[in-house]
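# Examining the three-dimensional arrangement
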Amino acid sequence: MTVYLATRRGNRSWDIVTSQQDNYLRSLRLKTIWPSNLALKAFCEQGSFDDTHALLCQCGIYSFKPDVRDIIPVTNDGTIFGSVVIWGKVIECEYGYRSEYAYPVSLAGFCCLVCKRFSYSDTQLAFSRNDINIDQYKVYKAICNTCASLATVKAQFRYIPLPANLLLKDLREFYNLR
Ligand SMILES: [Zn+2]
Ligand SMILES: [Zn+2]
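Worth saying up front: this structure is predicted, and the values here are computed from it rather than measured. (Residues numbered from 1 in each chain as written. Chains lettered and ligands numbered in written order. Predicted model: local features only at pLDDT ≥ 70, side-chain atom pairs only at ≥ 80, totals over all residues.)

## Digging into the overall build of the protein
Heads up, the rule is: Helix numbering and strand numbering both begin at the N terminus, where a helix is a DSSP run of H or I of at least 4 residues and a strand a DSSP run of E of at least 2. The globule rule used here is 2.2 Å times the number of residues to the 0.38 power, and the radius of gyration it is set against is calculated over C-alpha atoms. Field definition: a residue is buried when 20 or more other C-beta atoms are found within 10 Å of its C-beta, exposed when 12 or fewer are, and partly exposed for counts in between, with C-beta atoms placed from the backbone. Contacts are defined on C-beta atoms placed from the backbone: any two residues whose C-beta positions lie within 7 Å are in contact.
When its secondary structure is counted, the protein shows 4 helices and 11 strands. Radius of gyration (C-alpha) of the protein: 17 Å, near the 16 Å computed for a compact globule of 178 residues. Structurally, the protein occupies a C-alpha span of about 50 × 35 × 30 Å along its principal axes. Across the 178 residues of the protein, 31% fall into the buried class. Pairs at least 24 apart in sequence give 67% of the contacts found in the protein among residues at least 6 apart.

So this is what it looks like as structure tokens:
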């Protein structure tokens, strides 16, 4: 593990969530809504993100190294993936980083909930039919067109009349991405 102060690029996935017509990127684990035009800062209830604390803790903003996408198991199904710029204190691990600050720089596409393949525009957005709404945000699930046409999948999800490429455009505008 290496700790350094640097700016790097990493890849990661987010849940896409919606609340009152607005769409946001949300961290998968801690359910943090990523702010627009503002750096996300690592937060930990156990301490601040300094050398001694962060090395022993699991906190920080997670991202994968850009070259490891092919070997990581795809567990982030139904999500959107893209890259982030990370800076401040950065802890380098084998496959990725934990950083003090991060902001999205690009959104690349979706990971299908059903077949786990990465897809781009040929994707449907859906809500699970038995989703229990635990907070003000509803989570979109990305399902590729091939899987979305299966009867078993149709029975489980309610598709949203919002093409995935329009959602991408909306998120890129909101986060000021290229
Ligand atoms: Zn911590
Ligand atoms: Zn699929």
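## Considering helix α4 (residues 164-174)
The test is simple: Comment: arc refers to directions from the helix axis out to C-beta atoms.
Among all positions in α4, only Ala-164, Leu-167, Leu-168 and Leu-171 are buried. Viewed end-on, α4 has its buried residues packed into an arc of 100 degrees, placing them on one side of the element. Among the exposed residues of α4, those pointing more than 90 degrees away from its buried face are Lys-169 and Glu-173. Contacts from the buried residues of α4 go to β2 (8-19), β3 (22-26), β7 (96-111), β9 (123-128) and β10 (138-144). Of the residues flanking the end of α4, it is Asn-176, one or two places downstream, whose phi is positive at about 60 degrees.

## What about the pairing of β2?
Rules: A strand pair is defined by DSSP finding two or more bridges across the two strands.
Across 7 bridges, the pairing between β2 and strand β6 (residues 80-92) is antiparallel. Directly across from Gly-10, in β6, lies its bridge partner Val-84. Pairing geometry for β2 and β3, over 5 bridges, is antiparallel. Within the sheet, the bridge partner assigned to Val-17 lies in β3 and is Tyr-24. Sheet topology note: the β2/β10 ladder contains 3 bridges and is antiparallel.

## Here's the deal with unusual backbone geometry
Unlike most non-glycine residues, Asn-37 shows phi in positive territory, near 60 degrees. Within the element layout of this structure, Asn-37 appears in the loop between β3 and β4 (40-41). Here Asn-37 falls in the exposed class, since 8 other C-beta atoms lie within 10 Å of it. Positive phi, close to 60 degrees, is recorded for Asn-176, a residue that is not glycine. Turning to its location among the elements, Asn-176 is positioned in the segment after α4.

## Re the environment of Tyr-24
Looking at the element boundaries, Tyr-24 is found in strand β3. Accessibility expressed as a C-beta count within 10 Å gives 19 for Tyr-24, which makes it partly exposed. Sequence spacing of Tyr-24 and Leu-171 is 147 residues, and the spatial spacing of their C-alpha atoms is 7.0 Å.

## A closer look at the nonpolar core
Basically, it comes down to this: By convention in this section, buried Ala, Val, Leu, Ile, Met, Phe, Trp, Tyr and Cys residues joined through C-beta atoms within 7 Å make up a nonpolar core.
Within the largest apolar cluster, 37 residues are counted, with the highest numbers of intra-cluster contacts made by Ile-80, Cys-112, Ala-142 and Ile-143. At the level of secondary structure, the elements contributing two or more residues to this core comprise β2, β5 (61-64), β6, β7, β9, β10, α2 (145-148) and α4. Leave out the neighbours within four places in its chain, and Ile-80 touches Ser-13, Trp-14, Ile-16, Leu-107, Phe-110 and Ala-142.

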